[in-house]
Structure formats: structure tokens, C-alpha cells
Amino acid sequence: TYFMHWLSKYSAFARGFMAWKMNCDAAQLAARFPFNNMYGNQNQIIDTHKKITHKQYLRAVETNLSILKNYGIKALICLQPMLVLRDSTLYSPMEKSFYFDDPYARILHPVVVNELKNVTSHFNVPFLDINDSFNSQAFKHQQLFIDYWHLSPLGSDVSAQVMLPALDSLIQNLNHNKE
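Residues numbered from 1 in each chain as written. Predicted model: local features only at pLDDT ≥ 70, side-chain atom pairs only at ≥ 80, totals over all residues. Heavy atoms only, no water.

## What about the overall build of the chain?
Convention followed: Per the convention used, a helix needs a DSSP run of H or I reaching at least four residues, while a strand needs a run of E reaching at least two, with both numbered from the N terminus. Using a 1.4 Å probe on the protein chains alone, a residue whose accessible area is under 20% of its type maximum counts as buried, one over 50% counts as exposed, and one in between counts as partly exposed. Working rule for contacts: check all heavy atoms of both residues, and any pair within 4.5 Å makes them a contact. For the area figures, the Shrake-Rupley method with a 1.4 Å probe applies, and any residue is considered shielded solely by the protein chains shown.
Scanning the chain from terminus to terminus reveals seven helices and two strands. Beginning at the N terminus, the succession of helices and strands in the chain can be written as α-α-α-α-β-α-α-β-α. Considering the chain as a whole, with its 179 residues, one finds that 37% of them fall into the buried category. Sequence-distant contacts, at least 24 apart, represent 67% of the contacts inside the chain between residues at least 6 apart. In the structure as shown, the chain presents an accessible area of about 10,900 Å², 57% of it carried by carbon and sulfur atoms.

Right, here's the structure in full:
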């Protein structure tokens, strides 16, 4: 697999093979861990997630970061905000109208954050959890979402303001390395 990662820098066939392989792995795991049966208690949710994650989304993140690194492309990984992870006392009236509870997102959020922190630190890539910024009192009763996870213009602006310092740092490092 690592050879194919390396080869994907030079070969469209290798990139295609890697995409096919990841899809096959995801399908096999989905068959072994049917999502409709896996949720019971909080520990079962986390255990099942951990069994699946390394062959699915974390593998895809690692593959993408590896390819970007091979091409000398800097990356910034951000965890997209979700309404369910926002403090409900801060919701706008519109957000209250389309809110629905997703206990799995709340249970898995800290697990996913830790997984992404580990992967991004391995590749020396900055990681931001945008959800934290959406819980600021400065945005109380302001609409940051237009539905469960799509952002309003204000939500997009908040996200951009959170990402800007990390992007500035990446750009400064690129400019510094050119000198």
C-alpha cells in the first residue's frame, strides 16, 4: 500500500487503484459492521466507530495528506461545525426550528477530534475544530446555520476568521522558505 501511495504521485493508475481499494475496504467494513445495528450504548458506539474508522475515513485522510505532502502542497484540516455541537442556549429562533438531536455526533465528536489531531500531528499539518468558535457568546441568537450542518453567511465568516491565522502562518512559512 505504501508503494502505491508513493506511486500515485506519478501514476493515474496508482491513484485510481488507491481509490478503488479504499472503496472496497469501506464496503467490506460496512457489511461487517452494519450501521443500523451498531448503536446501543455510548461505549458500543465508540468501539464500533474505532473498528471502522482506520479503514475508512482516517485512511482517506492519511492518503490525501500523503499525496499532498508528496507534491509539496501544504494543508489545513478543519472539522466542520455541526448545529448539534453548538450550545443550544445560543441558537437563533431559526436554528431552533430545524434542530434535531443527533446523540451520535455528540458522543463521537471528542473521539473524532482526537483521531484527527493524531493524524494531522503525524503529517505536521495544522488542525482546527471550528465547532469551538460557534459556542462564543458573541454569536448568541445569531443564525450560523441554514440547516443541520450548512453554514449561513455569518457562519461562513466565523469559520473563515478561525482559519485565517493558520492560513496566514502557512503562507508566511511558504514565503520564508522561498527566501
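Past the structure itself, the notes keep going.
## Overview of the environment of valine 111
Examined against the element boundaries, valine 111 turns out to sit in helix H6 (residues 103-122). Classification of valine 111 as buried rests on a relative accessible area of 13%. Note: C-alpha distance between valine 111 and isoleucine 46 (65 residues apart in sequence) is 7.6 Å. The residues touching valine 111, leaving out its near neighbours within four places in the chain, are Ile46, His49 and Lys50.

## What to know about the confidence of the model for the chain
Worth spelling out the cut-off: Values of pLDDT, the confidence the predictor places in each residue, fall between 0 and 100.
With 88% of its residues at a pLDDT of 70 or more, the chain shows a mean pLDDT of 85. Mean pLDDT in the chain bottoms out at helix H2 (residues 12-32), which sits at 72, and peaks at strand E2 (residues 127-129), which reaches 96.

## Quick notes on the packing of aromatic side chains
Just so we agree on the cut-off: Here the aromatic set is Phe, Tyr and Trp, taking the six-membered ring for Trp, and pairing holds for ring centres within 6.5 Å; pairs whose planes are under 30 degrees apart are stacked, those over 60 apart are edge-to-face, and all others are tilted.
Counting across every chain of the model gives three aromatic pairs. Measuring from ring centre to ring centre gives 5.4 Å for tyrosine 91 and tyrosine 99, while their planes differ by 45°; the resulting arrangement is tilted. On the numbers, 4.4 Å between centres and 25° between planes, the contact of phenylalanine 100 with tyrosine 148 is stacked. You can see phenylalanine 100 sitting in the loop between helix H5 (93-98) and H6 and its partner tyrosine 148 sitting in the loop between E2 and helix H7 (153-178), a full 48 residues away along the chain. With a relative accessible area of 42%, phenylalanine 100 lands in the partly exposed category.

## Some words on helix H3 (residues 42-53)
To be explicit about the condition: What a helix is expected to span follows from its residue count: subtract one and scale by 1.5 Å. Taking the helix axis as origin, the arc is that swept by the directions to the C-beta atoms.
Between the first and last C-alpha of H3 there are 16 Å, a value that for 12 residues agrees with the 16 Å anticipated at 1.5 Å per step. Turning to H3, its buried residues are Ile45, Ile46, Thr48, His49, Ile52 and Thr53. Looking down the long axis of H3, one finds its buried residues gathered within 165° of arc, a one-sided arrangement. Opposite the buried face of H3, at more than 90 degrees from it, the exposed residues are Asn43 and Lys51.

## Some remarks on the nonpolar core
Our working rule: The set of buried Ala, Val, Leu, Ile, Met, Phe, Trp, Tyr and Cys residues whose side-chain atoms join them within 4.5 Å is what this entry labels a nonpolar core.
Formed by 18 residues in total, the largest nonpolar core has its most connected members in Leu65, Leu79, Leu116, Val119, Val125 and Phe127. Mapped by element, the contributors of at least two residues to this core are H3, helix H4 (57-70), strand E1 (77-79) and H6. Residue contributions to this core peak at seven residues, all from H6. Apart from residues no more than four positions distant in its own chain, leucine 65 is found in contact with Ala75, Ile77, Val119, Phe123 and Val125.

## Looking at the packing of H3 against H6
Inclusion rule: To obtain each axis, a line is fitted to C-alpha atoms, and for helices this fit is confined to the stretch in contact; angles are then taken between N-to-C directions over 0 to 180 degrees. Any angle that is under 35 degrees is reported as roughly parallel, and any over 145 degrees as roughly antiparallel; angles of 65 to 115 degrees are reported as roughly perpendicular and all others as oblique. Note: crossing handedness is left-handed where the near helix turns anticlockwise from the far helix by less than a right angle, and right-handed where it turns clockwise. Gly counts as polar in this scheme, as do all residues outside two lists: the nonpolar Ala, Val, Leu, Ile, Met, Phe, Trp, Tyr, Cys and Pro, and the charged Asp, Glu, Lys and Arg.
It is at 10 Å that the axes of H3 and H6 come closest, and there the two elements cross at 45°. It follows from the interaxial angle that H3 and H6 lie oblique. Here H3 runs over H6; the crossing is right-handed. Listed contacts from H6 to Gln42, Ile45, Ile46, His49, Lys50 and Thr53 of H3 are Tyr104, Ile107, Leu108, Val111, Val112 and Glu115. For the contact of H3 with H6, a count of residues per class yields seven nonpolar, three polar and two charged.

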